[in-house]
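Coordinate analysis (summary)
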Amino acid sequence: MTTTMTAKAALLSALHEEMTRDDRVMLMGEGVATLHPDLVMAFGADRVRNTPLAEAIMAGCAVGAAASGLRPVVDMLYAPFLTYAMDALVNSAGKLRYMSGGQFSFPLVVLANTGAGWGVGAQHTHNLEAWFVHSPGLKVVMPSTAADFKGLLKSAIRDDNPVVFLNDMTLLHQAGEVAEPDDMLVPLGQAKVMRAGRDVTLVSYAKTVHTCMAAAEVLAERGLSAEVIDLRTLKPLDMETVLQSVQRTGHMVVVHEAGPLCGVGAEVAAQVAERAFGALKAPVRRITSADVPTPASHVLEQAFLPQADQIVSAVMAWVSQPAAA
Amino acid sequence: MNSIQALQRMLLIRAYEEKLAALQAAGPFPMSCSSQGQEASAVGVIAALSSEDRILTNHRSAAHLIARGADPARLLAEVMGKATGYCKGKSGSLHISVAELGVVLTSTIVGGELSMAPGVALARKMRREAGIVACFFGDGAACEGIFHESLNLATIWSLPVLYVCENNQWQAFVRRKETMQTEHISEWGKGYGLPCQTVDGNDAHAVHEAARAAVAQIRDTGKPFLLETLTYRQRGHFSGDDEAHISDAERAPWLKRDPIELWQSRLLAQGQLQASDLRGLKDEALARIEEALAQAQAAPYPSPEALLTDVYA
Ligand SMILES: Cc1ncc(C[n+]2csc(CCOP(=O)(O)OP(=O)(O)O)c2C)c(N)n1
C-alpha cells in the first residue's frame, strides 16, 4: 500500500509516527509549535517547543538533552544558520561520545533546509553537507524522494548518534509515492540504485539525483545506458554500491550542488581512484556548482545549479560511438 | 556539610593539584589547568548537591570531580592517557566526564558547559527525574554569547539549573576587568529574571550556605539560579604558563585568604579540630595521592585498536 504525498508531508508523518512510538522523542525549533499545532495537540507543549531565535543554545540544549535520556529533533530552519550551532554539533555532539570513552550517547537529529532554486540568496541557501561529513561522530543524510525523506528520518530518529538531516527545499514540495507505515524504515548508510545501466555510473544525492535521472533519459535516447546511484546518506557513505557499479560501467560522473573543493564528490572520486582504478576507462568527472556564494537572481541561480546537459556532454565526450545495441 | 569531611576533600584536591604541578615542573608530563585556590567554591557547592544531581564543568574541573568523589587514581590515569582513566585516556585532563558520578561534561570549549546545561535539565524535567543540574563556568565563559542564551532559555523554560560562575579574576591571559564594565557576573544575570547572588568563594561555609539555599529554591520552584563565587586562580592559566603576568602584589592578598587556611583556622578556633589532627589529615591526603599516582603509573596505556572505538553508538 502506498499513498502520494510531498516530501514535507512525509517528514511530518515520520515525526508523528516516531513521536507516537517513543515518548522520548521531542521537537524544538523557532516556531515548530506555532506551525504544527497538530503535533502540539497530539504530543503536548512539552514535547513540541518553540525556542528563542538562538541557534547555538537550541543545538546545545539538544545535545545536553540527548546525553540525558531524550531523543530531540531540532529544526534549525536554513542550513546557513547551522554556523551558529557549529560548536554544539561539532565539538559536543560529534566528539563527546569518543572523549568520554563511550560513557555518553547523543541520539539527536538536526533538521535544516538547503539547496538552491528559490532565489533567496546565499545567507539562506548553502550546501554545507561536506562540513558535517568532515566532523567525526556525526552522520549526514540528504534524501531525494518523498519515501526516503520519511524512511530516513525515521531511521535517523531511532539512531543512537547525532544525525544532520538536510532537506533540499525544492524537493520538499515534490510529491512521491510513500509506503504505508511499518515497511517505511530506510537504513542509514545504504545507497540506492535509482536506475540500472551499463555504460556510465552517475552518482549523486538530493536534488541532483533528479538531474542525473533526466540526463539518463537523454543518454538513453542516444543509445547509452546510465546507472544512477542516489547516495542518500553521506555519512556513513556506501561506497560498495558505487564501486560495484563502476566495476561494470568503467565510467563515473559525480554530481552535486555543493561546491567542488573538498566536497563529497571529491571523496567519492578519490575512493574510486584508490579502489577501482583498473576498472576506469576514463577519468572520473565531477559536476558541481561553482565555488561561489549561491546567487539570488534566477538566471544566476540556474547557472549555479548542475544541469542535465552538462552531464550528457561529459558522458558524450568519452563515448563518441553509441554502445552496441 | 560535615566540616572535617569538607576539609579532607579540600586537602585532597590541593594535594592532587600540587602533585600534578610537581610532575609537570619535573616534566615531561601532560598539561592541565589547575583549580588550586578554588577548593572552597567546589566543595561548598558540591556538598549541597545530591547524588541524583548532574554536574557540568569546565577545564578547571579537578576540584569539582574530587569534591564529587572521583577516584584520584582514575583522574591521574586519564591525565596520563591511560586505559584506566575515566574516559579510557580519550579525554586527557581537559574533558573528563564521569557518568557514574553524574558528571556529564567537562568542557574545554569556553561556554560549552553553558550550552549543554539547559538540555540536561530539560531531560530531567521532561522525564520527571529528581535532581537538578549544577553548571560550573568561569567569568570568561560569561563573556561568551552562549551565557546569555543559556540563562535566557533556562529561565523561560523553568529549568532546574544552578549556574555557578567561579569568578577567579582571570580569563586565560586577560584580566577580568579588561573585559567587563561591571564588577559582578551576578549583575548580568539579574536582567534575565532569575535569582542571582555573589558570595565569597574562598569561604567554604559562605559558599555552602548560599548553594544550599539556592538548591532548595531550585528544587522548590524548578527555576534556575545564578551563584557567583569570588575566588582566585592561584596558579597560571595552564601548567606550561610561566605566570609572568601575575604580580606578587596581586597574588598576596588572595593567598592570605587561601580557602583551606581560612577553613582550618575557623575549625581550630571553634575547637572542631586540633593541630595534631590537622597534620594527620594532611598526611592522609598526601598518602592517598601518592598511592593514586602509583596506581596510575602502573596502569596500562590503551591498545592502539582503541583509536577506532567509541566513535559511534
Ligand atoms: C571557545 C574558546 N575560546 C578560547 C579558549 C581558550 N581558553 C581556554 S580557557 C580560557 C579562559 C577561560 O576563562 P574563564 O571562563 O574565566 O575560566 P578560568 O580559566 O578562569 O577558570 C580560554 C580563553 C577556549 N578553550 N575555548
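Residues numbered from 1 in each chain as written. Chains lettered and ligands numbered in written order. Predicted model: local features only at pLDDT ≥ 70, side-chain atom pairs only at ≥ 80, totals over all residues. Heavy atoms only, no water.

Let us look at the overall build of chain B. Check the secondary structure of chain B and you find 13 helices and eight strands. Expressed as lengths along the three principal axes of its C-alpha atoms, the size of chain B is roughly 55 × 50 × 35 Å. The burial tally for chain B puts 58% of its 313 residues in the buried class. Pairs at least 24 apart in sequence give 73% of the contacts found in chain B among residues at least 6 apart. Here chain B has roughly 12,200 Å² of accessible surface; of this, 52% comes from carbon and sulfur atoms. Each charge class in chain B was averaged separately, 30 positive and 36 negative side chains, and the resulting centres sit 4 Å apart. (Helix = DSSP H or I, 4+ residues; strand = E, 2+ residues; numbered from the N terminus. Buried < 20%, exposed > 50% of the residue type's maximum accessible area, 1.4 Å probe, protein only. Contact = heavy atoms within 4.5 Å. Areas by Shrake-Rupley, 256 points an atom, 1.4 Å probe, with all protein chains shown as cover. Lys, Arg positive; Asp, Glu negative; His and termini not counted. Charge placed at Lys NZ, Arg CZ, Asp CG, Glu CD.)

Glancing now at the pattern of salt bridges. This model, assessed by the stated rule, comprises 31 salt bridges over all chains. Through salt bridges that share partners, Glu17(A), Glu18(A), Arg21(A), Lys150(A), Lys154(A) and Arg158(A) make up one connected network. (Salt bridge = Lys/Arg side-chain N within 4 Å of Asp/Glu carboxyl O.)

Once that is clear, we can look at helix H11 (residues 239-249) of chain A. Residue and element names in this part refer to chain A. Of the positions making up H11, those classed as buried are Met239, Thr241, Val242, Leu243, Ser245, Val246 and Thr249. Those residues of H11 that are buried lie in contact with strand S9 (192-195), strand S10 (200-204), strand S11 (226-230), strand S13 (252-255) and helix H12 (264-275). Near the N-terminus of H11, the side chain that reaches the backbone nitrogen of Glu240, with its oxygen 3.2 Å away, is that of Asp238. Directly after H11, the chain includes Gly250, whose backbone phi takes a positive value near 75 degrees. (Polar contact = N/O pair within 3.5 Å; in protein donor to acceptor, adjacent residues only side chain to side chain.)

Moving on: the sheet that holds S11(A). Residue and element names in this part refer to chain A. One open sheet accounts for five strands, arranged S9-S11-S10-S13-S14; its pairing is mixed. Bordering the open sheet on either side are S9 and strand S14 (285-287), each of which pairs with just one other strand. Between one strand and the next, the sheet's axes are offset by a mean angle of 25 degrees, whatever the strand orientation. In the sheet, S13 pairs with S14 via three bridges, with the strands oriented parallel. Bridged to Val254 within S14 is Arg286. Strands in contact with H12 are S10, S13 and S14; relative to S13, the strand with the most contacts, it is inclined by about 160 degrees. (Pairing = 2+ DSSP bridges. Axes fitted to C-alpha atoms, helices over the stretch in contact; angles between N-to-C directions.)

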